[in-house]
Amino acid sequence: MDYASAYVEETRAFGELIREADQSAPVPTCPGWSIEQLFRHVGRGDRWAAQIVRDRMDTFLDFRSVEAGKPPPDLDDAISWLNGGAQHLIDAVEQTGVETPVWTFLGTRPANWWIRRRLHENAVHRADAALAVGADFVMRPEVAADGIDEFLERIVIRAGADGAPLPLEGGDTIHLHATDPGIGEAGEWTVRLHDGAVTWAHEHGKGSVALRGTATELLLAMTRRASLGDTGIEVFGDNAVWQRWLDRTPL
């Protein structure tokens with residue numbers, strides 16, 4: 001996948017959604033935030049990541065130290081600021097080197113890790129904005145499927161950290177099946193515990209609980225942006241296993 005192109009596409013789509021929205025409208029999936037605050041969070045986040053990469057940082061960057069971290073007051077200028085932040089990150093990765101090690105919240109990673117992370121961050125926040133204003137939200141199936149991959153990769157590292165309970169118990173498994181035409185094996189996931197750690201693979205399986213729907217729907221459900229009842233997802237098996245997974249997985 002061309003992550004940089006998908007990242008620009010998602011960021012621009014997010015900006016156009018914001019352009020048409022009431023800036024003071026609340027965002028139900030981000031309690032306490034307005035559309036304006038969501039917009040600022042996304043735009044500042046892109047510039048934050050760009051600065052980390054550009055400066056080859058090996059420690060956390062305080063958000064208050066982000067250069068040009070506030071959007072201009074004019075909305076058109078603010079949208080340009082948003083899109084410019086995404087381009088800053090792409091340029092920083094190219095100039096620094098895609099494999100150059102930099103700080104991330106999961107430990108040191110290659111610089112181009114940030115492009116994929118910001119792609120999926122912005123895509124999910126586009127969903128937040130769409131849900132807030134009652135707009136339709138659909139992602140390209142291959143991008144949504146990769147978003148599920150990326151989410152699971154982070155869960156593998158973070159689940160059970162600091163003594164928190166693991167999101168699966170005993171022999172429980174979760175199977176996700178994307179129904180998008182042509183997506184193939186990339187649209188199937190089986191998640192289980194192995195030696196006390198969460199693992200996953202692209203493979204067919206029944207699972208203690210199985211969810212069947214589009215990749216976009218599955219991503220929204222997994223990131224707690226939509227309840228199963230608000231999607232076309234079919235559920236088979238023990239719904240309690242799925243609920244426990246939602247309750248115990250960090251975002």
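Residues numbered from 1 in each chain as written. Predicted model: local features only at pLDDT ≥ 70, side-chain atom pairs only at ≥ 80, totals over all residues. Heavy atoms only, no water.

### Notes on the packing of helix H1 (residues 3-19) against helix H2 (residues 35-54)
Helix packing geometry: the angle between the two helix axes and the distance between the axes. Here is the rule: As a rule, the C-alpha atoms of each element are fitted with a line to give its axis, helices using only the stretch in contact, and angles between N-to-C directions run from 0 to 180 degrees. For the purposes of this entry, the term helix denotes a DSSP run of H or I that reaches at least four residues, the term strand denotes a run of E that reaches at least two, and both are numbered from the N terminus. Oblique is the label for every angle not falling under 35 degrees (roughly parallel), over 145 degrees (roughly antiparallel), or within 65 to 115 degrees (roughly perpendicular). Definitions for this section: a left-handed crossing has its near helix turned counterclockwise from the far helix by less than a right angle. A right-handed crossing has that turn clockwise. It only takes one pair of heavy atoms within 4.5 Å for two residues to be counted as in contact.
Contact pair H1 / H2: the axes reach a minimum separation of 11 Å and the direction vectors enclose 155 degrees. When the axis of H1 is compared with that of H2, the two are roughly antiparallel. Between H1 and H2 lies a crossing of left-handed hand. Contacts between H1 and H2 pair Tyr7, Thr11, Phe14 and Ile18 from the former with Ile35, Leu38, Phe39, Val42 and Asp46 from the latter.

### Quick look at the nonpolar core
Soluble globular proteins tend to bury their nonpolar side chains together. So the rule is basically this: Nonpolar core, defined: a set of buried Ala, Val, Leu, Ile, Met, Phe, Trp, Tyr and Cys residues in which side-chain atoms within 4.5 Å join the residues together. Exposure categories follow from relative accessible area, calculated using a 1.4 Å probe and restricted to protein chains: below 20% of the type maximum is buried, above 50% is exposed, and the middle band is partly exposed. Domain ranges listed in this record stem from an automatic or a database domain assignment.
Core analysis: the largest hydrophobic core is formed by 75 residues, its most contacted members being Leu89, Trp114, Ile174, Leu176, Trp242 and Trp245. Each of domain 1 (3-133) and domain 2 (143-248) contributes no fewer than three residues to this core. Excluding its chain neighbours within four sequence positions, the residues that come into contact with Leu176 are Ile148, Gly187, Glu188, Trp189, Leu211, Leu218, Met222 and Trp242.

### Some remarks on the UniProt feature "domain: MDMPI C-terminal" (unreviewed entry) in the protein chain
What counts, and what does not: UniProt positions are given in the numbering used here, feature names are shortened, and annotations may be inferred rather than shown by experiment.
UniProt feature "domain: MDMPI C-terminal" (unreviewed entry): in the numbering of this structure it lies at residues 142-244. For residues 142-244, the helix share is 30%, the strand share is 25%, and the end-to-end C-alpha distance is 27 Å.

### Digging into the environment of Phe151
Along the chain, Phe151 falls in helix H5 (residues 141-158). By relative accessible area, which is 2% here, Phe151 ends up buried. In sequence terms Phe151 and Thr249 are 98 residues apart; their C-alpha atoms lie 10.0 Å from each other. Setting aside anything within four residues of it in sequence, one finds Phe151 in contact with Met222, Thr223, Pro250 and Leu251.

### Side note on the packing of aromatic side chains
In plain terms, the rule: Stacked, tilted and edge-to-face pairs are distinguished by plane angle, under 30 degrees for stacked and over 60 for edge-to-face with tilted covering the rest, among Phe, Tyr and Trp rings (Trp via its six-membered ring) whose centres lie within 6.5 Å.
According to the stated counting rule, one finds 12 aromatic pairs in the structure shown. Each ring, one from Phe39 and one from Trp81, has its centre 5.8 Å from the other, and the planes form 50 degrees; the classification is tilted. Of this pair, Phe39 sits in helix H2 while Trp81 sits in helix H3 (residues 75-96), and the two are 42 residues apart along the sequence. Residue Phe39 shares its accessibility class with Trp81, and that shared class is buried. Summarising the aromatic geometry, the rings of Trp113 and Trp114 are spaced 4.9 Å apart at their centres and angled 85 degrees between planes, so their arrangement reads as edge-to-face. Here Trp113 and Trp114 have matching classes, each one buried.

### Observations regarding the sheet that holds strand S3 (residues 174-178)
Sheet strands pair by backbone hydrogen bonding; their relative direction is either parallel or antiparallel. Our working rule: The criterion for strand pairing is that DSSP finds at least two bridges linking the strands in question.
Strand order in the open sheet formed by 5 strands is S5-S4-S3-S6-S7, with mixed pairing between adjacent strands. Edge positions in the sheet fall to strand S5 (197-201) and strand S7 (234-237), since each has one partner strand and no second. For this sheet, the mean angle separating the axes of adjacent strands, direction not counted, is 15 degrees. Summarising the sheet, strand S4 (residues 188-194) and S5 pair through 5 bridges and their orientation is antiparallel. Each bridged residue has a counterpart across the sheet, and for Leu193 the counterpart in S5 is Val198. Packing against the sheet, H5 makes contact with S3, S4 and S5, and its axis sits at approximately 155 degrees to S5.

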